[in-house]
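Fold and contact review
The lines below spell out each chain.
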2 protein chains.
Amino acid sequence: MKVVVGSPGTWSGLLLRVGQCAFAGASIGVMLSAYGFSNYTAFCYLIASMGLQALWSFGLLCLDIFALKYERDLHNPLLVSLFVVGDWVTATLSLAAACSSAGVTVLFVKDLNFCEKYHQFSCGRFQISIAMAFVTWLLVAKSSLVMFWILASV
Amino acid sequence: MKVVVGSPGTWSGLLLRVGQCAFAGASIGVMLSAYGFSNYTAFCYLIASMGLQALWSFGLLCLDIFALKYERDLHNPLLVSLFVVGDWVTATLSLAAACSSAGVTVLFVKDLNFCEKYHQFSCGRFQISIAMAFVTWLLVAKSSLVMFWILASV
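This one's a predicted model, so the numbers in the text were calculated from it and none came from an experiment.

1. Topic: the packing of aromatic side chains
Applying the stated criterion to the full structure yields 26 aromatic pairs over all chains. Look at Trp88 of chain A and Trp88 of chain B: their rings are 5.2 Å apart centre to centre, the planes differ by 35 degrees, and that puts the pair in the tilted class. Placement of the pair is Trp88 of chain A in helix α3 (residues 77–111) and Trp88 of chain B in helix α3 (residues 77–111), with the two residues belonging to separate chains. An aromatic cluster is built from Tyr40, Phe43, Phe108, Phe114, Tyr118, Phe121 and Phe126 of chain A, whose rings are joined through pairwise contacts.

Given below as structure tokens:
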């Protein structure tokens, strides 16, 4: 199996996972600190999806640390298939959550002008949280492409 | 290069492209017939994104017909790389558009109860249009995975 930047069990792969966990966690934190987020389904879904993403990435982060410490090779077809499915599912869910929240935020900011009318509305925090969710998605997309590439080139 | 179901220049590939064009076109048609869609950025973006998707799929549909008629082989690395990039970009844009519109529709239907309060609001048509956009995305996702698989297995 080919070893590319971001492969499982390498330092670059570990860095990607750390980034995913950090941005997903930050996205959840900022959203939780925003006033009234729980009234909107899209924002609750963002938190759920980022939570799942953080859990999945944390699991693979631990596996990467284990592989680096004991010099194990994680490039076997069964394991990589599992990573591919997990990464693709969580990447799709993360993109869906980020986009649906972004759609709602654009509606509030631009179409309905809620942010100018009601100043207690935490529009800025919604936007920061969504931006972080998009960064998380970019990092997971990179991991998923690498995994799929490794699997396809067996 | 491997030939899998949905490869460019095959009958299954042609069918996939016809499905993508049909559902993208239907999604645009239903959204255009809904009252007041143009007041919402997410719905305008859905139309733009489905329009781009329909154009791209129509271009590849014509190429598939050409390849089938004159028995040309479209499996060369340069051409497949082009298909991969185009399919991935349009698939991501389609999913983003479908999800942001879905987020806004869920807000109208569930969180704000607009659909019960204002009966002139075409909630049903928004939902049908978004469902078709999701079907379009599924078909494009199938095409993109096939293209990426073909490219990776060179």
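Still to come is the rest of the account.
2. Remarks on the UniProt feature "domain: Casparian strip membrane protein" (unreviewed entry) in chain A
Under the UniProt annotation, the feature "domain: Casparian strip membrane protein" (unreviewed entry) is placed at residues 7–139 of chain A. Measuring from the first to the last C-alpha atom of residues 7–139 of chain A gives 13 Å, for a span that is 80% helix and 0% strand.

3. As for the side chain of His75 of chain B
Counting through the fold element by element, His75 of chain B comes out in the loop between α2 (41–69) and α3. Polar side-chain contacts of His75 of chain B include one of 3.0 Å to the side chain of Asp73 of chain B.

4. A closer look at unusual backbone geometry
Residue and element names in this part refer to chain A. Unusually for a residue other than glycine, Glu71 sits at a positive phi of about 50 degrees. Here Glu71 is to be found in the loop between α2 (41–69) and α3. The class of Glu71 is exposed, set by a relative accessible area of 72%. In the Ramachandran plot, Asn113 falls in the positive-phi region, its phi being about 55 degrees despite a non-glycine side chain. Turning to its location among the elements, Asn113 is positioned in the loop between α3 and α4 (114–117). Relative accessible area serves as the criterion here: at 31%, Asn113 is assigned to the partly exposed category.

5. Topic: the relation of the copies chain B and chain A
In the superposition of chain B on chain A (RMSD 0.0 Å, axial shift 0.0 Å), the rotation amounts to 180 degrees. Such a combination of rotation and displacement between the chain copies is what one expects of a two-fold axis. Residues of chain B ranked by C-alpha distance from the rotation axis are headed by Ser100 of chain B, positioned 2.0 Å from it.

6. Some details on a nonpolar patch on the surface
All names here are of chain A. A grouping of Tyr45, Leu52, Val85, Val89 and Leu93 is seen on the molecular surface, where their side chains present a nonpolar patch of about 390 Å² in accessible area. Those elements giving two or more residues to the nonpolar patch turn out to be α2 and α3. With 3 residues, α3 is the largest single contributor of residues to the nonpolar patch. As for its placement among the helices and strands, Leu52 is situated in helix α2.

7. Considerations on the UniProt feature "transmembrane region" (unreviewed entry) in chain A
All names here are of chain A. Mapped onto the present numbering, the UniProt feature "transmembrane region" (unreviewed entry) falls at residues 14–35, 42–68, 88–109 and 130–152. Taken end to end, residues 42–68 comprises 100% helix and 0% strand; its first and last C-alpha atoms sit 38 Å apart. As annotated, residues 130–152 has a helix share of 100% and a strand share of 0%, and its two end C-alpha atoms lie 32 Å apart.

Cut-offs and rules
- Residues numbered from 1 in each chain as written.
- Chains lettered and ligands numbered in written order.
- Predicted model: local features only at pLDDT ≥ 70, side-chain atom pairs only at ≥ 80, totals over all residues.
- Heavy atoms only, no water.
- Phe/Tyr/Trp six-rings, centres within 6.5 Å; stacked < 30°, edge-to-face > 60°.
- Helix = DSSP H or I, 4+ residues; strand = E, 2+ residues; numbered from the N terminus.
- UniProt positions renumbered as here; feature names shortened; annotations may be inferred.
- Polar contact = N/O pair within 3.5 Å; in protein donor to acceptor, adjacent residues only side chain to side chain.
- Buried < 20%, exposed > 50% of the residue type's maximum accessible area, 1.4 Å probe, protein only.
- Least-squares fit on C-alpha atoms with pLDDT ≥ 70 in both.
- Patch = residues over 30% accessible without salt bridge, like charges linked within 9 Å, V, L, I, M, F, W, Y side chains within 5 Å.
- Areas by Shrake-Rupley, 256 points an atom, 1.4 Å probe, with all protein chains shown as cover.
- Salt bridge = Lys/Arg side-chain N within 4 Å of Asp/Glu carboxyl O.

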